[in-house]
Amino acid sequence: DVQMTQSPYNLAASPGESVSINCKASKSISKYLAWYQQKPGKASKLLVYDGSTLQSGIPSRFSGSRSGTDFTLTIRSLEPEDFGLYYCQQHNEYPFTFGSGTKLEIK
Amino acid sequence: QVTLKESGPGVLQPSQTLSLTCTFSGFSLNTYGVGVGWIRQPSGKGLEWLANIYWDDDKFYNPSLKTRLTISMDTSNSQAFLKITSVDTADTATYYCARVDRKSGYYFDYWGQGVMVTVSS
């Protein structure tokens with residue numbers, strides 16, 4: 001299985017700041033990585049797929065990038081609604097695997 | 001508008017079979033490439049992919065649980081199902097279903113809110 005190592009575990013930031021969340025795959029997954037936002041009691045939201053393609057309806061302050069097996073989700077100019085849990089998922093091969101999650105909190 | 005909603009028994013005892021239902025709208029499992037996946041999350045822990053089923057009845061399982069999982073669908077009623085046999089306390093989790101369209105890729109573009117399942121004697 002492809003192991004996804006996600007960091008940091010916790011992240012505290014203020015509205016207006018920019019943050020980055022990282023995922024490293026244990027082997028090549030080409031560009032096939034997705035990012036999701038999870039909030040209590042709400043359906044998870046797909047933010048980015050194929051490493052850098054923004055899902056329709058997602059604000060442009062979200063962006064994804066890739067360098068080899070390292071992937072980064074960047075959120076610029078944080079809005080209050082951006083706080084929550086973020087997960088990466090490799091969608092290159094079965095079994096699909098997720099990172100351990102990053103909790104983005106208000107500072 | 002795509003929506004998915006999971007339903008399940010809430011609480012069950014060890015060794016029983018867990019039956020989950022995903023009722024969806026806004027898409028069809030008769031559409032080429034479309035599928036539904038099941039993912040679970042123990043409280044305070046990460047996400048684990050369990051299984052996918054596609055429009056052509058193609059099925060894929062997580063090898064770590066494959067012997068205990070059965071995924072199926074009822075296209076006429078817009079439902080997908082997951083059964084997990086011989087449950088134990090480690091199966092206590094929130095279970096999610098989500099849509100996938102393998103024409104685009106194997107990511108989950110719409111999710112349900114999840115259903116909590118507790119395995120306890």
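Predicted, not measured: the structure shown is a model, and the values here were computed from it.

Draft legend 1. Spatial organisation of the overall build of chain B. Along its length, chain B carries zero helices and eleven strands. The helix and strand sequence of chain B, counted from the amino end, reads β-β-β-β-β-β-β-β-β-β-β. Relative to the globule expectation of 14 Å for 121 residues, the C-alpha radius of gyration of chain B, 14 Å, shows essentially globular dimensions. Within chain B, the fraction of its 121 residues that count as buried is 45%. The long-range share in chain B, meaning contacts at least 24 apart out of those at least 6 apart in sequence, stands at 52%. In chain B, 10 positive and 10 negative side-chain charges are present, and the distance between their average locations comes to 2 Å.

Draft legend 2. Here's a closer look at the overall build of chain A. Of the regular secondary structure elements, chain A holds zero helices and eleven strands. Ordered by position from N to C terminus, the α and β elements of chain A give β-β-β-β-β-β-β-β-β-β-β. In terms of overall size, chain A behaves like a compact globule, its C-alpha atoms giving a radius of gyration of 13 Å where 107 residues would be expected to give roughly 13 Å. Principal axes of the C-alpha set define a box for chain A whose edges measure 35 × 25 × 25 Å. Within chain A, the fraction of its 107 residues that count as buried is 48%. Relative to all contacts within chain A whose residues are 6 or more apart in sequence, the contacts with residues 24 or more apart total 57%.

Draft legend 3. Focus on the side chain of Thr74 of chain A. Residues and elements named next belong to chain A. By the element assignment, Thr74 lies in strand β8 (residues 70-75). Separated by 3.3 Å, the side chains of Thr74 and Ser20 make a polar contact. In this structure, Thr74 is in contact with Val19, Ser20, Arg61, Phe62 and Ser63, ignoring residues within four places of it in sequence.

Draft legend 4. Seen up close, the sheet that holds strand β8 (residues 79-84) of chain B. Residues and elements named next belong to chain B. The four strands are arranged β1-β3-β8-β7 in an open sheet whose pairing can be described as antiparallel. The open sheet has two free edges, formed respectively by β1 (3-7) and β7 (69-74), since each of these has just one partner strand. Averaged over neighbouring strand pairs, the angle between their axes works out to 20° when direction is ignored. Alignment of strand β3 (residues 18-25) against β8, held across six bridges, turns out to be antiparallel. Across the sheet, residue Ser19 finds its bridge partner in β8, namely Lys83.

Draft legend 5. Focus on the packing of aromatic side chains. Following the criterion strictly, the structure yields 17 aromatic pairs over all chains and no others. Aromatic side chains Phe98 of chain A and Trp111 of chain B sit 6.5 Å apart centroid to centroid with 70° between the ring planes, which places their arrangement in the edge-to-face category. Placement of the pair is Phe98 of chain A in strand β10 (residues 97-98) and Trp111 of chain B in strand β10 (residues 105-111), with the two residues belonging to separate chains. With a relative accessible area of 9%, Phe98 of chain A lands in the buried category. Following the ring pairs from residue to residue traces out a cluster consisting of Tyr36, Tyr94, Phe96 and Phe98 of chain A together with Trp49, Tyr54, Phe60, Tyr96, Tyr106, Phe108 and Trp111 of chain B. Sitting over the face of the ring of Phe27 of chain B, Arg99 of chain B holds its NZ or CZ atom 5.5 Å from the ring centroid.

The rules behind the values
- Residues numbered from 1 in each chain as written.
- Chains lettered and ligands numbered in written order.
- Predicted model: local features only at pLDDT ≥ 70, side-chain atom pairs only at ≥ 80, totals over all residues.
- Heavy atoms only, no water.
- Helix = DSSP H or I, 4+ residues; strand = E, 2+ residues; numbered from the N terminus.
- Rg over C-alpha atoms; globule rule 2.2 N^0.38 Å.
- Buried < 20%, exposed > 50% of the residue type's maximum accessible area, 1.4 Å probe, protein only.
- Contact = heavy atoms within 4.5 Å.
- Lys, Arg positive; Asp, Glu negative; His and termini not counted.
- Charge placed at Lys NZ, Arg CZ, Asp CG, Glu CD.
- Polar contact = N/O pair within 3.5 Å; in protein donor to acceptor, adjacent residues only side chain to side chain.
- Pairing = 2+ DSSP bridges.
- Axes fitted to C-alpha atoms, helices over the stretch in contact; angles between N-to-C directions.
- Phe/Tyr/Trp six-rings, centres within 6.5 Å; stacked < 30°, edge-to-face > 60°.
- Lys NZ or Arg CZ within 6 Å of the ring centre and 35° of its normal.

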